[in-house]
Amino acid sequence: MFKAKNLSPQKLAGFTALIISAVIALGSLLIDGNWKVMLGAFILTFLVSYYLYLYTLQNFIYRKIKLIYKFIYQTKASKREEFFQKNILPLKTIEEVSEDVEKWASQKREELENLRRNEEFRKEFLLNLSHELKTPIFAVQGYIHTLLDGALEDPNVNKLFLKNATKNIDRLCRLIDDLDEISKLESGEMTINAEVFVIQDLIKDVFDTLSLKANTKGIKFSIKKGCEAPQPVFADKEKIRQVLINLVDNSIKYGKPDGHTIASIYSMDGKRVLVEISDDGIGMAEEHLPRVFERFYRTDRARSRDIGGTGLGLAIVKHIVEAHDQSITVRSKPEIGSTFGFTMESGREQ
């Protein structure tokens, strides 16, 4: 009954008053020997000690505790909070208050850790963005200055320099477009217009769109055997087309010459469909996998920049998939290849 965790102010005051009144009553009995005097002394001492001790607890110690709660919540007390502080808080044990403070401290530690991670991410993002913007801008600046310094009159280089400047301007425009698209996805401005369509048909369209690029490396496209049966899905067709184009395009960029890109489609639980795009390319080390969907993250910056791209493709893919309330994953191993898989809602129930 009198364990520390069970001690409310009333119990603590009563227990203390009982001990004090018992000691005084026994003392009066020994001195006077009168049972009535002893009983009166016990009752009077108990009542005075109890209410005095309880008043001290509630008006001094719990006033300090109330300040702690005000500090924790850091807001002006509402009527409900005032009722809590006047009627509920005094009933709490010191241990319960301590648990509340520990929970608050733990929550603040987590918030601080999240802020540190976000700050690190922000710094890295700004550094990467600055680098991605400076590369094409400096290239264009160099070509234009060279032309103005006299190369414009040289027919052997003027068109070449203008073409190279145009390529870098196009890269800069793609970067800005991708940043704008990510901003829209994150803010929820981009709506999802879901419809039922057969995912195999869309994959074949994407294969046809990228076939010329694949042919330059001898990469062959195919749908895995056993996955040819038409699978209807319920999603935004054009957004999923963008997802597939990014994933298939990556399989070409990082694929080996004369390699393969294979699409697999699986019905998971009757409600969802898993689509996987696999290649037998250069692959990625395991430590890179948790970060491949971050903006501007590159596993090999020099090689990735030579291959091209804005470094935002997989970030856009992740945002589009999550905008459908679905998930995307990646498996990869160096020199073995990579597999990107994402889920979609099945279209059979629509």
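Parameters at a glance
Residues numbered from 1 in each chain as written. Predicted model: local features only at pLDDT ≥ 70, side-chain atom pairs only at ≥ 80, totals over all residues. Heavy atoms only, no water. Helix = DSSP H or I, 4+ residues; strand = E, 2+ residues; numbered from the N terminus. Buried < 20%, exposed > 50% of the residue type's maximum accessible area, 1.4 Å probe, protein only. Contact = heavy atoms within 4.5 Å. Areas by Shrake-Rupley, 256 points an atom, 1.4 Å probe, with all protein chains shown as cover. Salt bridge = Lys/Arg side-chain N within 4 Å of Asp/Glu carboxyl O. Phe/Tyr/Trp six-rings, centres within 6.5 Å; stacked < 30°, edge-to-face > 60°. Core = buried A, V, L, I, M, F, W, Y, C linked by side-chain atoms within 4.5 Å. UniProt positions renumbered as here; feature names shortened; annotations may be inferred. Patch = residues over 30% accessible without salt bridge, like charges linked within 9 Å, V, L, I, M, F, W, Y side chains within 5 Å. Axes fitted to C-alpha atoms, helices over the stretch in contact; angles between N-to-C directions. Left-handed = near helix turned anticlockwise from the far one by under 90°. Nonpolar A, V, L, I, M, F, W, Y, C, P; charged D, E, K, R; others polar. Parallel < 35°, antiparallel > 145°, perpendicular 65-115°, else oblique. Polar contact = N/O pair within 3.5 Å; in protein donor to acceptor, adjacent residues only side chain to side chain.

Q: Honestly, the overall build of the protein in this entry has me stumped. Any pointers?
A: Counting its secondary structure elements, the protein contains 10 helices and seven strands. Burial status across the protein gives 37% buried among its 350 residues. Pairs at least 24 apart in sequence give 74% of the contacts found in the protein among residues at least 6 apart. For the protein, the exposed surface amounts to about 21500 Å²; the carbon and sulfur share of it is 58%.

Q: Quick question: what am I supposed to make of the pattern of salt bridges here?
A: As a working rule, side chains carrying opposite charge can pair if their charged atoms are close by. If you walk through the whole model with that rule in mind, you get nine salt bridges. Salt-bridge contacts for Glu 238 lead to Arg 241; the nearest nitrogen and oxygen are separated by 3.1 Å. Here Glu 238 pairs with Arg 241, and both are found in helix H8 (residues 237-253), just three residues apart, close to one helical turn. Residue class for Glu 238 comes out partly exposed when judged on its relative accessible area of 48%. The network of salt bridges with common partners includes Lys 213, Asp 249 and Lys 253.

Q: Would you explain the packing of aromatic side chains in this entry?
A: In this description, a pair of aromatic rings is defined by centroid distance and the angle of the planes. Per the stated rule, a full pass over the model turns up six aromatic pairs. Taking the centre distance of 6.4 Å and the plane angle of 15 degrees together, the rings of Phe 42 and Phe 46 count as stacked. Taken together, the residues Phe 42 and Phe 46, both in helix H2 (residues 35-73) and four residues apart, mark about one turn of the helix. Measuring from ring centre to ring centre gives 4.5 Å for Phe 207 and Phe 221, while their planes differ by 15 degrees; the resulting arrangement is stacked. Separated by 14 residues along the polypeptide, Phe 207 in helix H6 (residues 199-209) and Phe 221 in strand S2 (residues 220-223) bring together distant segments of the chain. Judged by its relative accessible area of 8%, Phe 207 falls in the buried class. Three or more aromatic residues link up through ring pairs in this structure, and these residues are Phe 42, Phe 46, Tyr 50 and Tyr 51.

Q: Please clarify how the nonpolar core should be interpreted in this entry.
A: Generally speaking, soluble globular proteins have nonpolar side chains that are buried together. Ranked by size, the top nonpolar core spans 46 residues in total, and within it Ile 199, Ile 203, Ile 240, Leu 244 and Phe 342 carry the most contacts. The contact partners of Phe 342, leaving out residues within four places of it in the chain, are Ile 240, Val 243, Leu 244, Leu 247, Val 273, Leu 274, Val 275, Val 321, Ser 327 and Ile 328.

Q: When you look at the UniProt feature "transmembrane region" (unreviewed entry) in the protein in this model, what are you seeing that I'm missing?
A: Per the UniProt record, the feature "transmembrane region" (unreviewed entry) sits at residues 12-31 and 37-57. Strand forms 0% of residues 12-31 and helix 100%; the C-alpha atoms that close the span are 29 Å apart. Spanning residues 37-57, this segment combines 100% helix with 0% strand, and its end C-alpha atoms are found 29 Å apart.

Q: Teacher, can you tell me more about a nonpolar patch on the surface here?
A: Together, Leu 39, Ile 43, Leu 47 and Tyr 51 make up an exposed nonpolar region whose accessible area comes to about 410 Å². Overall, the relative accessible area of 53% leaves Tyr 51 in the exposed class.

Q: For this particular structure, what's the right way to read the packing of H8 against helix H10 (residues 313-323)?
A: Axis angle and axis distance: for two packed helices, these are the angle between their axes and the distance between the axes, and together they describe the pair. Axis separation between H8 and H10 bottoms out at 9 Å; the angle between their running directions is 145 degrees. Read as a crossing pair, H8 and H10 show a hand that is left-handed. Contact residues: H8 offers Lys 239, Gln 242, Val 243, Asn 246, Leu 247 and Asn 250, while H10 offers Gly 313, Leu 314, Ile 316, Val 317, Ile 320 and Val 321. Of the residues in the contact of H8 with H10, the class split is seven nonpolar, four polar and one charged.

Q: What's the story with the packing of helix H5 (residues 158-187) against H10 in this structure? I'm lost.
A: One way to put it is that H5 packs onto H10 with a least axis distance of 10 Å and a crossing angle of 25 degrees. Classed by the angle they form, the pair H5 and H10 counts as roughly parallel. Relative to H10, the crossing made by H5 is left-handed. Of H10, the residues touching H5 (which contributes Asp 178, Glu 181, Ile 182, Leu 185 and Glu 186) are Ala 315, Ile 316, His 319 and Ile 320. Taken together, the residues of the contact of H5 with H10 break down into five nonpolar, one polar and three charged.

Q: What is the right way to look at the environment of Arg 331 in this model?
A: Checked against the element boundaries, Arg 331 lands in strand S6 (residues 328-333). Note on Arg 331: relative accessible area 47%, which makes it partly exposed. The spatial distance from the C-alpha of Arg 331 to the C-alpha of Ala 285 is 9.8 Å, given a sequence separation of 46 residues. Beyond its immediate chain neighbours, meaning those up to four positions away, Arg 331 contacts Glu 276, Gly 337, Ser 338 and Thr 339. Among the polar contacts made by the side chain of Arg 331, one reaches the side chain of Glu 276 at a distance of 3.0 Å.

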